[in-house]
Amino acid sequence: MRWENIIADAKHLSDDEESVLQLIEMGHTFPLRGIHVSPYWVKKAARDLENDDTLIYTTIGSEEGSSLTQVKLFELEQAIKQGAFDIGVHLNMSAFRSNIQWCKIEFLQLSNTAHEKEKCISLSVPSKIFDQKEADQISALIKQNGVDGITLSEDNINYLPTFEKLDIEIKLKTNNLTKFQHLLQQNETALMLPYVNLS
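Sequence order as written defines the numbering, with residues in each chain counted from 1. Where local features are concerned, this predicted model is filtered to residues with pLDDT of at least 70; where side-chain atom pairs are given and counted, the filter is 80 or more; whole-chain, interface and lining totals use all residues. To get the side-chain values, all heavy atoms of the structure are used, and hydrogens and water are removed first.

A. Region of interest: helix α1 (residues 17-29). Look at α1: 18 Å from first C-alpha to last across 13 residues, which is about the 18 Å you get at 1.5 Å a residue. Residue exposure (1.4 Å probe, protein chains only): buried if accessible area is under 20% of the type maximum, exposed if over 50%, otherwise partly exposed. Numbered from the N terminus, helices here are DSSP runs of H or I no shorter than four residues, and strands are runs of E no shorter than two. Listed as buried for α1 are S19, V20, L23, I24, M26 and G27. Buried residues of α1, viewed axially, fall in a sector of 155 degrees; they line one side. In what follows, a contact means two residues having at least one pair of non-hydrogen atoms within 4.5 Å. Residues of α1 that are buried in the fold lie against β1 (7-9), β2 (34-36) and α2 (42-48). For a helix, the expected span equals 1.5 Å multiplied by the residue count minus one. The arc in question is the one traced by the directions running from the helix axis out to the C-beta atoms.

B. How the structure looks around the packing of aromatic side chains. Under the pairing criterion, centres of Phe, Tyr and Trp rings, with the six-membered ring standing for Trp, must be within 6.5 Å; the plane angle then separates stacked pairs below 30 degrees from edge-to-face pairs above 60, leaving the rest tilted. Throughout the structure, instances matching the rule amount to 2 aromatic pairs. Between Y40 and W41, the aromatic rings sit 5.1 Å apart at their centres with planes inclined by 85 degrees, giving edge-to-face as the arrangement. When its relative accessible area of 14% is taken as the criterion, W41 is described as buried. When the ring of Y57 is compared with that of F85, the centres are 6.4 Å apart and the planes differ by 75 degrees; the resulting orientation is edge-to-face. Note that Y57 is positioned in strand β3 (residues 55-60) and F85 in the loop between α3 (69-82) and β4 (86-90), a separation of 28 residues in sequence. In this analysis the charged atom, NZ for Lys or CZ for Arg, is taken to sit over a ring once it is within 6 Å of the ring centre and within 35 degrees of the ring normal. Sitting over the face of the ring of F130, R97 holds its NZ or CZ atom 3.8 Å from the ring centroid.

The structure is reproduced here in structure tokens:
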């Protein structure tokens, strides 16, 4: 078990206090890379894990990334203030597929804000990538705008080689630990950090 590659996540997006306490206990007990909690729980997780090396991950904005940039910036600043280390933001797929320039402006502002506080910003792809051209566009968006990582769902695993070329952290979101271990064996050079429910 490569605990240092695992970011433990709650069972569901609407994680309750019991789920969060389980994650915090896992952060104390196992040498995890980190735990992922909703923004509401970041402050508690950061406070309870203050003396551990466990990193706090969270994701801001709506699931399809359609929140206003100003709202995302406010949420980002609050997450940083509460103790998050890596803040994920869902790519606005509607804007991305309409005019990629809007996404470039947004992520430049987000990455500048995060980096000023020495925190990481990650792009989360909420929908299935259409094709290789779209994967290349997302890769360029990351490279040009100082994004530190990407979170891919299992649906997008075929495009992993496109993102491995970038000097970023790659997180694979999966609940299938066996599948994750198999993927690691196939490509040991990839840094993949799954969100796995270990409870």
